[in-house]
Amino acid sequence: MPKKLYEDELLRLQGELVKLQEWVRTEGVRMVIVFEGRDAAGKGGAIKRVTEYLNPRIARIAALPAPTERQRGQWYFQRYVEQLPAAGEMVLFDRSWYNRAGVEKVMGFCTDEEYWQFLHQCPTFERMLVEAGILLRKYWFSVSDVEQERRFRDRLDDPMRQWKLSPMDVESITRWEDYSRAKDEMFVYTDIPDSPWNVVESDDKRRARINMIAHLLSTVPYHEVVKPAVALQPRPRPRGYQRPPRDLQKYVFDHAAAVLAQAGQ
């Protein structure tokens, strides 16, 4: 997708996301958006564009680390329940409870009993969320094996993004078919009418972001909230306050001035 066309449409959609956020806040809506997919499928980039202009107090990202020893002894869904939104909040899960059906299954981090118990309980868990009034949206970002490998190689050569390439990511290349089978089986059990999966083709990141955001907006009956007008009051007249001398405070070094001087500006 051409960059200019993408940026114009993205900005328009982000404006609609701001309206959606205000509707969520004022109406006391609870919204959960699940982002899943293969490594390097573009989930993080999509989440970044969704939340770019949103209030982090309203739209919160949940990206949970590996469970602690105590959490391993809890009901599997328990630590995800703790992240669910209150009224007037949106939570975006950067990976979610579906870790059990994906990486845990493929990498052997859970037992077969735990895996099948998850597939049995997950539809019930999500129906409970929906019946409780939570707006649940699930997105699967689908990337080809060729494009995934290209993105991995880009990360390998980019010192600013090398942190995004873990040993687990590298191993996912050799387990492509295992992850494919796990995803297909997961869909069989969890693509239910109450909380269906929405697949986002993501070989083209720009199209993927546009398509995902447009779809999300189309599934929510939000409307623009009329906010009370805000007016700046006149600044009051000075009453004798004087700032302390600058040498009594520690200011940061003017690095910008050094850069400008080096550039001859």
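Rules of the game
- Residues numbered from 1 in each chain as written.
- Predicted model: local features only at pLDDT ≥ 70, side-chain atom pairs only at ≥ 80, totals over all residues.
- Heavy atoms only, no water.
- UniProt positions renumbered as here; feature names shortened; annotations may be inferred.
- Helix = DSSP H or I, 4+ residues; strand = E, 2+ residues; numbered from the N terminus.
- Core = buried A, V, L, I, M, F, W, Y, C linked by side-chain atoms within 4.5 Å.
- Buried < 20%, exposed > 50% of the residue type's maximum accessible area, 1.4 Å probe, protein only.
- Lys, Arg positive; Asp, Glu negative; His and termini not counted.
- Salt bridge = Lys/Arg side-chain N within 4 Å of Asp/Glu carboxyl O.
- Polar contact = N/O pair within 3.5 Å; in protein donor to acceptor, adjacent residues only side chain to side chain.
- Contact = heavy atoms within 4.5 Å.

As named in an unreviewed UniProt entry, the protein chain is ADP/GDP-polyphosphate phosphotransferase, taken from Kitasatospora phosalacinea. According to its UniProt record, the protein chain has this under Function (unreviewed entry): "Uses inorganic polyphosphate (polyP) as a donor to convert GDP to GTP or ADP to ATP." Under the Subunit (unreviewed entry) heading, UniProt states for the protein chain: "Homotetramer."

The next subject is the UniProt feature "domain: Polyphosphate kinase-2-related" (unreviewed entry) in the protein chain. The sites that UniProt annotates as "domain: Polyphosphate kinase-2-related" (unreviewed entry) are residues 3-225. Secondary structure across residues 3-225 divides into 52% helix and 14% strand, with the first and last C-alpha atoms of the span separated by 31 Å.

Within the largest apolar cluster, 33 residues are counted, with the highest numbers of intra-cluster contacts made by Leu-20, Trp-23, Ile-33 and Met-212. Counting only elements with at least two residues in this core, the list comes to helix H1 (3-27), strand S1 (30-37), helix H2 (43-51), strand S3 (89-94), strand S4 (135-142) and helix H10 (205-218). If you tally residues by element for this core, the top one is H1, at 7 residues. Formed by 25 residues, the second largest nonpolar core is a distinct cluster that contains Trp-97, Tyr-115, Leu-129 and Ile-134.

Looking at the secondary structure, you find Arg-79 in helix H4 (residues 78-81). Glu-104 provides the closest opposite charge to the buried, unpaired Arg-79, separated from it by 5.9 Å. Here the side chain of Arg-79 touches Pro-65 through a polar contact of 2.9 Å, landing on its backbone oxygen. If we ignore the near neighbours within four places in the chain, the residues touching Arg-79 are Leu-64, Pro-65, Ala-66, Pro-67, Gln-71 and Gln-74.

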